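An overview of the molecular structure
Given next are the chains, with one letter for each unit.
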Amino acid sequence: MRAPAALPWLLLAPALLATVVLVFAPAADTLWLSLHNVVLFRPRVRPFVGLANYAAMLEDAEFWAGLGRSLLWVVAGVGLQFLLGFAAALLLNRQFGWRTLARALIIVPWALPSVIIGLVWTWMLDFNLGLINEIGLRLGLLAVPVPWLSQPATAMAAVILAIVWQGFPFFAVTLLAGLQAIPPEHYEAAAIDGAGRVAAFRHVTLPGLAPVIATALLLRMIWVANSLDLILVMTGGGPGTSTQTLPLYAFLRAWSGADYGYGSALAVVLTLLLLGVVVAYAVRSAR
Amino acid sequence: MRRLRRILGTDLPVAAILAFALLPWLWMVLSSLRPESDYARYPVRLLPDTLTLANHIELLARTSFAQNMRDSLIVAAGAVSTGLLLSLPAAYAFSRLRFPGRRALRVQFLVVNMFPVVMLILPLFVLLRDFRLLDTYFALIIGHATFTLPFAIWLLTSYIDGIPAELDEAAMIDGATRLQLMIRVVLPLAAPGLVAVGIYLFIASWNEYLFALMLAGRNVRTVTVALQSFIGENQVHWGLLTAGGTLVALPAVVLFLFAQKRLVGGLTGGAVKG
């Protein structure tokens, strides 16, 4: 089947055009802005400052603190999602009567908008009327109600709890699909070789699941690292700056601080860090 | 004995995980059905004496929420149609045609997913302002459609890959032009895939917050932005807020349960094969 050489380009043109205008051009623009000193109240005067915005980051304690919080947010958030989702996938792969129903319902948190997730957990963790404090008090786990979202020591844990709740169903359903794709013969062969349950898990389940795990972890990591709406809704980065991750800091610096140049530089650094992770993944999976 | 082991080893842990997944959401739904007086009572009553729709009715009658839902619906419908119009031809080209740069272009679309919204939002804001498109349906529709393109193209390409190429060849031998082929052969066979991708586009647009906040918000105010502004008001009215949360979550949850199999299959297809 021969197609005219121009046909693929004709078909791709609308999607490409939208992507260039709305993604690549703005990204290049942000890169350009990051080399300037741009302040909201005098947008026409934007002196070129080279890498000064990036140099300023080295001295900026809030940048390093935000980077550290982002690291905690991604490692704890994605790590816990993965462990809980993996456990759920292994359980849902077993035989039991209401399996179909359980497989369908586990997805609910993943379908909800971040604003609703923020709302659900702000309500669960409410000081006066929240279910968590009430149950904690009734069971004797808490002596007094805890203001979860308004004290620095617990606010980060609270937003991580919310992101874990939102994301673990993603791992549950993708890893479940991966488990179902492992041919049963592999388990039969392992059983013939005298492998117990633990050995079968190590030598059949884990290797069979590895590509799915790697892809799912990468997708979620990028998503969680970039996401700032959940934290914005629940704490706005506070109390103080105790839940202010790197993307949120970039966002607040650019908008509330009206410091576009510096905010852009922060966004560029975040993008480069993620790019590094993606390249490392691509290089590893190409080997 | 065996039965007991199954209950303790499987049913109970599954029930615990499901409780974690569903209880916070059910607690919100239940809270929205409580009478006003329950919110002034301390300690919290786990189960209300009576259930009422008063919060939902007040929300729709006395606030802008019905209008916000209309805005969200218009934006989501626009994002679905625009997204499908952009992604279907691209997916067809990736699946059926071989051309130089095909691989690089496929990767290019995936890279789009990687850009943080903070990296793009300011120039987008300026661009739309210069064209006087800020705070319009168009701004949100084109924004949502573009940011969902990578996944939409990926899903649709794998659906079209699943349609046997022999059908194309048979139609070509019968003298069909490529356009006829696309409309008469591929389109009907890809319909289930289009429905799944359409549902994905709808949920993604309906749930989106940051674009809707930054690029619109005054004339065009979607439900997520409206709900967030309710939280910000000096006196948090939990009855209205949980009613709003319940109503906003409903379409996404129902559609997701409906399309779950196809979406998950499409999402994991590449990874499982890889």
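Residues numbered from 1 in each chain as written. Chains lettered and ligands numbered in written order. Predicted model: local features only at pLDDT ≥ 70, side-chain atom pairs only at ≥ 80, totals over all residues.

Considerations on the overall build of chain A
Along the backbone of chain A there are 13 helices and 0 strands. Put simply, chain A runs from its N terminus to its C terminus through helices and strands in the order α-α-α-α-α-α-α-α-α-α-α-α-α. For chain A, the spread of C-alpha atoms along the principal axes amounts to about 75 × 75 × 30 Å. Counting every position in chain A, which comprises 287 residues, the buried fraction comes to 44%. (Helix = DSSP H or I, 4+ residues; strand = E, 2+ residues; numbered from the N terminus. Buried ≥ 20, exposed ≤ 12 C-beta atoms within 10 Å, placed from the backbone.)

Focus: the overall build of chain B
Secondary structure summary: chain B contains 13 helices and 0 strands in total. Helices and strands appear in chain B in the N-to-C order α-α-α-α-α-α-α-α-α-α-α-α-α. Each of the three principal axes of chain B carries a C-alpha extent, and together these read 75 × 70 × 35 Å. Counting all 274 residues of chain B, 42% fall into the buried class. Within chain B, counting contacts between residues at least 6 apart in sequence, those at least 24 apart form 80% of the total. (Contact = placed C-beta atoms within 7 Å.)

A word on the confidence of the model for chain A
Looking at chain A as a whole, its pLDDT mean stands at 90, while 97% of the residues score no less than 70. Summarising per-element confidence for chain A, the mean pLDDT is lowest in helix H13 (residues 260-286) of chain A (88) and highest in helix H3 (residues 61-92) of chain A (96). (pLDDT = per-residue confidence, 0-100.)

Regarding the interface of chain B and chain A
Across the boundary between the two partners, chain B contributes 74 residues, which contact 71 residues of chain A. When residues of the side of chain B that touches chain A are assigned to their parent elements, the largest contribution, 16 residues, is made by helix H13 (residues 238-273) of chain B. Here the residues of the side of chain B that touches chain A sort into 55 nonpolar, 14 polar and 5 charged. (Nonpolar A, V, L, I, M, F, W, Y, C, P; charged D, E, K, R; others polar.)

With respect to the packing of helix H3 (residues 65-96) of chain B against helix H7 (residues 149-161) of chain B
Residues and elements named next belong to chain B. Running from amino to carboxyl end, H3 crosses H7 at an angle of 50 degrees, the nearest separation of the two axes being 8 Å. When the axes of H3 and H7 are compared, the pair comes out oblique. The two elements H3 and H7 meet at a crossing, and its hand is right-handed. Residues Gly83, Leu86, Ser87, Leu88, Ala90, Ala91, Tyr92, Phe94, Ser95 and Arg96 of H3 form the contact with H7, whose participating residues are Leu149, Ala152, Ile153, Leu156, Thr157, Ile160 and Asp161. Residue composition of the contact of H3 with H7, by class: 11 nonpolar, 4 polar and 2 charged. (Axes fitted to C-alpha atoms, helices over the stretch in contact; angles between N-to-C directions. Parallel < 35°, antiparallel > 145°, perpendicular 65-115°, else oblique. Left-handed = near helix turned anticlockwise from the far one by under 90°.)

Remarks on the packing of helix H9 (residues 184-192) of chain A against helix H10 (residues 197-226) of chain A
Helix-helix packing is characterised by the crossing angle of the two axes and by the distance between the axes. Residues and elements named next belong to chain A. At their nearest, the axes of H9 and H10 sit 10 Å apart, and the two run at 155 degrees to each other. In terms of orientation, H9 and H10 fall into the roughly antiparallel class. For the pair H9 and H10, the crossing hand works out as right-handed. Taken together, the residues of H10 that come into contact with H9 (itself represented by His186, Tyr187 and Ala190) are Ala199, Ala200, His203, Val204 and Gly208.

Points about unusual backbone geometry
Cis peptide bonds are those with omega within 30 degrees of zero, and the linkage from Gly238(A) to Pro239(A) qualifies with -5 degrees. The residue Pro239(A) is located in the loop between helix H11 (229-234) and helix H12 (246-255) in this model. The phi torsion at Arg132(B) lies on the positive side, around 55 degrees, for a residue other than glycine. For Arg132(B), the location among the structural elements is in the loop between helix H5 (117-130) and helix H6 (137-147). Phi at Asp135(B) is positive, roughly 65 degrees, even though this residue is not glycine. Among the secondary structure elements, Asp135(B) is positioned in the loop between H5 and H6. On the basis of neighbour count, Asp135(B) is assigned to the partly exposed category, with 16 C-beta atoms found within 10 Å.

Side note on the nonpolar core
Residue and element names in this part refer to chain A. Formed by 159 residues in total, the largest nonpolar core has its most connected members in Ala162 and Ala172. A total of 17 residues in this core trace back to one element, the largest contributor, which is helix H8 (residues 152-180). Every residue in contact with alanine 162, bar those within four places of it in the chain, is listed here: Ile117, Gly118, Trp121, Leu230 and Met234. (Core = buried A, V, L, I, M, F, W, Y, C linked by C-beta atoms within 7 Å.)

Examining the confidence of the model for chain B
Residue and element names in this part refer to chain B. Mean pLDDT for chain B: 87, with 95% of residues reaching 70 or above. Per-residue pLDDT stays below 50 along residues 270-274; that stretch engages in 11 contacts with residues further than four places along the chain or on separate chains. Across the interface, the model reports ipTM at 0.88; the global pTM reads 0.89.

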